[in-house]
Amino acid sequence: MTLRHFLSAADLNRAEAEALLDRAAMLKAAWRAGQVNDRPLLGQTLALVFEKPSLRTRVAFEAGMTQLGGHPSYLSANDIDMGGRESVPDVARNLSRWVAIIAARVFKHATVETLARYATVPVINALSDREHPCQALADMLTLRERFGRLQGLTLAYVGDGNNVCHSLMLLGATLGLNLRIGCPPDYRPAPDIIELTERLAQEHDATLAITASPVEAVSGADAVYTDVWASMGQEHEAARRRPVFTPYQVNTALMAHAAPHALAMHCLPAHRGEEVTAEVIDGPQSVVFEQAENRLHVQKALILFLLGK
Ligand code: CP
Ligand code: NVA
């Protein structure tokens, strides 16, 4: 079997992404029905190398691995000090001798790329400064459950053109969504991500529009997504970013421009009163805990896919 990693949402082609979502839906149904006797990963270990905090990603991987019969081993910066106590290549080469698969949450995307270069087991990007592809998988499953399809849906992302936005763009375009990004001119998605998304959109009968107007972005949209204004590692920029992003807050007035059936989405954790109001995120349009729940099921499907199970 060829070694596959999942560093970017663009690492899956359309057929693979669709099959992975199908698998996740099956795993979810089985889990909900209490059918948990299958232990395909008995005796296998997932190493979780995390340089930053996490609730959803960590617990979804840990619970998922347990449910599949395997074992998670969580390694924080305090445990292994990757790049300090030990080089990134050496961490990859050591872990590959013990575990079946690695998931890494890193500051710099280059770190997860280096892990993948030196590992002889699959490496999953559990969030970097460039992408958050596991999140995008859960978001697509959530949209598919709610609308029964993905092709042709309009997804608006309002706020920072960051890691979460990048992965949504890439996977969304692969799965045929029309994407509208509303962001301040200085916080647009990275040029190479825009270029790749445009190419994927063309291939899959989808569209990409980027605007500085939040109203234009959400107008008639089926779902409105936002994320924090200052990501992990950017906390020192929070005060400078706040006034720039204030016009991009997802509130009831902005949601009124979306379709009446529009969903409100957020990867969490959220800052109520900043990028989203409590009224929206705790209101009837919000699907944020469905997104969080789906992290478990897509990450289980992803582990099985990468291990060829
Ligand atoms: N959405 C998400 O990745 O949450 P955590 O940072 O808690 O893992
Ligand atoms: N953009 C956020 C997402 C957190 C899940 C961050 O990188 O901190």
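All figures in this text were calculated on a predicted structure; none of them were measured in a lab. (Residues numbered from 1 in each chain as written. Chains lettered and ligands numbered in written order. Predicted model: local features only at pLDDT ≥ 70, side-chain atom pairs only at ≥ 80, totals over all residues.)

Engineer: Looking at this structure, how should I read the domain arrangement of the protein?
Structural biologist: Interface extent is often summarised as the accessible area lost during association of the parts. Domain boundaries assigned for the protein yield domain 1 (9-131 + 295-306) and domain 2 (135-291). Contacts between the two partners involve 21 residues from domain 1, matched on the other side by 19 residues from domain 2. Among the elements of the structure, α1 (14-32) and α13 (288-306) are those that each provide at least two residues to the side of domain 1 that touches domain 2. Residue contributions to the side of domain 1 that touches domain 2 peak at six residues, all from α1. Broken down by class, the residue content of the side of domain 1 that touches domain 2 amounts to twelve nonpolar, two polar and seven charged. (Domains from an automatic or database assignment. Contact = placed C-beta atoms within 7 Å. Helix = DSSP H or I, 4+ residues; strand = E, 2+ residues; numbered from the N terminus. Nonpolar A, V, L, I, M, F, W, Y, C, P; charged D, E, K, R; others polar.)

Engineer: Got a minute to help me understand the site of ligand 1 in this structure?
Structural biologist: All residues adjacent to ligand 1 are Ser54, Leu55, Arg56, Thr57, Leu127, Gln135, Cys267 and Leu268. Taken together, the residues that form the shell around ligand 1 break down as four nonpolar, three polar and one charged. Taken domain by domain, the makeup of the shell around ligand 1 includes at least three residues from each of domain 1 (9-131 + 295-306) and domain 2 (135-291). (Near = placed C-beta within 6 Å.)

Engineer: Help me understand unusual backbone geometry, please; the structure alone is not making it clear to me.
Structural biologist: Only a minority of non-glycine residues have a phi that is not negative, and only a minority of peptide bonds are not trans. Residue Leu268 is joined to Pro269 through a cis peptide bond whose omega torsion reads 5°. In this model, Asp81 sits at a positive phi of 45°, which is unusual for a non-glycine residue. Tracing the backbone shows Asp81 in the loop between α3 (77-80) and α4 (88-95). One non-glycine residue, Leu268, lies in positive phi territory at about 70°. Secondary-structure assignment places Leu268 in the loop between β9 (263-266) and α12 (278-281).

Engineer: Where do I start with the sheet that holds strand β1 (residues 45-50) in this structure?
Structural biologist: Either a parallel or an antiparallel arrangement is found when strands of a sheet pair, and the pairing is made through backbone hydrogen bonds. In space, the four strands of this open sheet follow the order β2-β1-β3-β4, with parallel pairing throughout. Looking along the sheet, the strands with just one partner apiece sit at the ends: β2 (71-76) and β4 (123-125). Going from strand to strand, the sheet's axes swing by 20° on average, the running direction of each strand aside. Bridge count between β1 and β2: six bridges; the pairing is parallel. Bridging from a neighbouring strand, Val49 pairs with Leu75 of β2. (Pairing = 2+ DSSP bridges. Axes fitted to C-alpha atoms, helices over the stretch in contact; angles between N-to-C directions.)

Engineer: Before we go on, may I ask you to explain the UniProt feature "domain: Aspartate/ornithine carbamoyltransferase Asp/Orn-binding" (unreviewed entry) in the protein in this structure?
Structural biologist: In this numbering, the UniProt entry assigns the feature "domain: Aspartate/ornithine carbamoyltransferase Asp/Orn-binding" (unreviewed entry) to residues 151-305. Between the end C-alpha atoms of residues 151-305 there is a gap of 23 Å, over a span that is 41% helix and 15% strand. (UniProt positions renumbered as here; feature names shortened; annotations may be inferred.)

Engineer: So what exactly am I meant to see when it comes to the nonpolar core here?
Structural biologist: Proteins that are soluble and globular tend to have nonpolar side chains buried together. In terms of nonpolar packing, the biggest core is built from 99 residues, with Ile102, Ala156 and Val224 touching the most fellow members. Of the domains in this structure, domain 1 (9-131 + 295-306) and domain 2 (135-291) are the two that each give at least three residues to this core. Ignoring sequence-local partners within four residues, the contact set of Ala156 consists of Arg180, Gly182, Ala217, Val218, Ala221, Ala223, Val224, Tyr225 and Ala258. (Core = buried A, V, L, I, M, F, W, Y, C linked by C-beta atoms within 7 Å. Buried ≥ 20, exposed ≤ 12 C-beta atoms within 10 Å, placed from the backbone.)

Engineer: Looking at this model, I keep getting lost on the pairing of β1. Mind explaining?
Structural biologist: Each regular strand displays side chains that alternate between the two surfaces of the sheet. In terms of residue burial, β1 counts as a mostly covered element, since five of its six residues are buried. For the crossover that starts at β1, traverses helix α2 (residues 56-67) and ends in the parallel β2, the hand is right-handed. Across five bridges, the pairing between β1 and strand β3 (residues 101-105) is parallel. Its bridge partner lying in β3, Leu48 is registered against Ala103. (Right-handed = clockwise from strand over helix to strand, strands pointing away.)

Engineer: Explanation requested: the sheet that holds β9 in the structure shown.
Structural biologist: One open sheet accounts for five strands, arranged β7-β6-β5-β8-β9; its pairing is parallel. With one partner strand each, in any of the chains shown, β7 (207-211) and β9 form the two edges of the open sheet. Averaged over all neighbouring strand pairs, the angle between strand axes comes to 20°, with direction disregarded.

Engineer: Can you help me understand the UniProt feature "binding site: carbamoyl phosphate" (unreviewed entry) in the protein in this one?
Structural biologist: Taking the UniProt record as the reference, the feature "binding site: carbamoyl phosphate" (unreviewed entry) is found at Arg105, His132, Pro133, Cys134, Gln135, Cys267, Leu268 and Arg295. Tracing the sequence through the fold places Pro133 in helix α6 (residues 133-147). For Pro133, a count of 28 C-beta atoms within 10 Å translates into the label buried. If we skip the residues at most four places from it in the chain, Pro133 touches Phe6, Ser8, Ala9, Asn125, Ser167 and Leu171. As for its position among the elements, Cys267 is in the loop between β9 and α12. Those residues in contact with Cys267 that lie beyond four places of it in its chain are His132, Gln135, Val164, Asp227 and Gln291.

Engineer: Hey, could you run me through the environment of Leu48 in this one?
Structural biologist: Its place among the elements puts Leu48 in strand β1. With near-sequence residues (within four places) excluded, Leu48 lies in contact with Arg58, Phe61, Pro72, Ser73, Tyr74, Leu75 and Ala103.

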